[in-house]
Amino acid sequence: MEIQLWREILNPYDLAVKELTVKFEHLIQEHRQQGLYSPIEQVHGRVKTISSILDKAQKKNIPINEIEEKLEDIAGIRIICQFVEDIQKVVEIIRSRTDMKVIEEKDYVNNMKNSGYRSYHMIIEYNVETMNGPKCIHAEIQIRTLAMNFWATIEHSLQYKYKKNIPDHIREKLSSAADAIIVLDQEMSQVRSEIMDAQNAFQI
Ligand code: GTP
Ligand code: MG
């Protein structure tokens, strides 16, 4: 397919990623301006590259004309939280928004993948206005803690290095690191509740 055609296809996804990133960043700003704790710490967004769209379509046997309906992560948003409890808050914020329609949810936070991967995934429908009028697209939102993101980032680099065939002894290390991340997030949550308790005591 010609590069110009790809540009036309990917343009609405690019717009959606930009809009969604701005919207979530604004939520952070609104909280901070009011002196409130923000359940969102950072937001990242990306449009899948043409080569990884083609790779995935080939692997999943998706014809090129069905890419838009079948590949739900062409537009990807990643929301990073400080604490595990924040993830649920962000999920509820997204569920209650009128500009995003949740069509699928996967809870890998409480149901860790075999790899050790943890994150909360939501697929949404989102409307953008293009030169040719309105268009409804899919976007994948991944919500995870800083610690879960640390693990996923390292594991992703290793997948890249080993072309998805990570050797067993490294897999074992990643698996025990994933268990350590669970404990780390739990311990951080305890610190968080101490802070909240202290704030409450101060207010009284
Ligand atoms: P995909 O073909 O990847 O879309 O599989 P799926 O439709 O079952 O989606 P799933 O929710 O399992 O994963 C989608 C995305 O989550 C991936 O594109 C990655 O960004 C991330 N992900 C899933 N599993 C892993 C993992 O084991 N390690 C890392 N680092 N990321 C993962
Ligand atoms: Mg997917």
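Read on for a plain summary of the structure. For clarity, every value in this text was computed on a predicted model and none was experimentally measured.

## A short note on the nonpolar core
- Ranked by internal contacts, the top residues of the largest apolar core, which has 48 residues, are Phe-24, Ile-79, Ile-94, Ile-141 and Ile-143.
- Elements with a contribution of two residues or more to this core: α1 (3–33), α2 (50–59), β2 (75–81), α4 (84–96), β4 (120–130), β5 (133–145), α5 (146–161) and α6 (168–203).
- Looking at this core element by element, the count peaks at nine residues for α1.
- Ignoring anything within four residues of it in the chain, the contact list for Ile-141 reads Phe-24, Ile-77, Ile-79, Ile-94, Tyr-120, His-121, Met-122 and Ile-124.

## Comments concerning the sheet that holds β5
- Here five strands make up an open sheet; going across it, the order is β1-β2-β5-β4-β3 and the pairing mixed. Of all the strands in the sheet, just β1 (42–47) and β3 (101–107) have a single pairing partner and so form its edges. Taking each pair of neighbouring strands and ignoring which way they run, the sheet shows an average axis angle of 25°.
- Each of β1, β2 and β5 is contacted by α5, which is oriented at about 100° to β5, the strand it contacts most.

## Here we look at the side chain of Thr-21
- Looking at where Thr-21 falls in the secondary structure, it is placed in helix α1.
- Classification of Thr-21 by relative accessible area gives buried; the value is 15%.
- Among all residues touching Thr-21, those that are not within four sequence positions of it are Val-43, Gly-45 and Ile-77.

Definitions and limits used
- Residues numbered from 1 in each chain as written.
- Chains lettered and ligands numbered in written order.
- Predicted model: local features only at pLDDT ≥ 70, side-chain atom pairs only at ≥ 80, totals over all residues.
- Heavy atoms only, no water.
- Core = buried A, V, L, I, M, F, W, Y, C linked by side-chain atoms within 4.5 Å.
- Buried < 20%, exposed > 50% of the residue type's maximum accessible area, 1.4 Å probe, protein only.
- Helix = DSSP H or I, 4+ residues; strand = E, 2+ residues; numbered from the N terminus.
- Contact = heavy atoms within 4.5 Å.
- Pairing = 2+ DSSP bridges.
- Axes fitted to C-alpha atoms, helices over the stretch in contact; angles between N-to-C directions.

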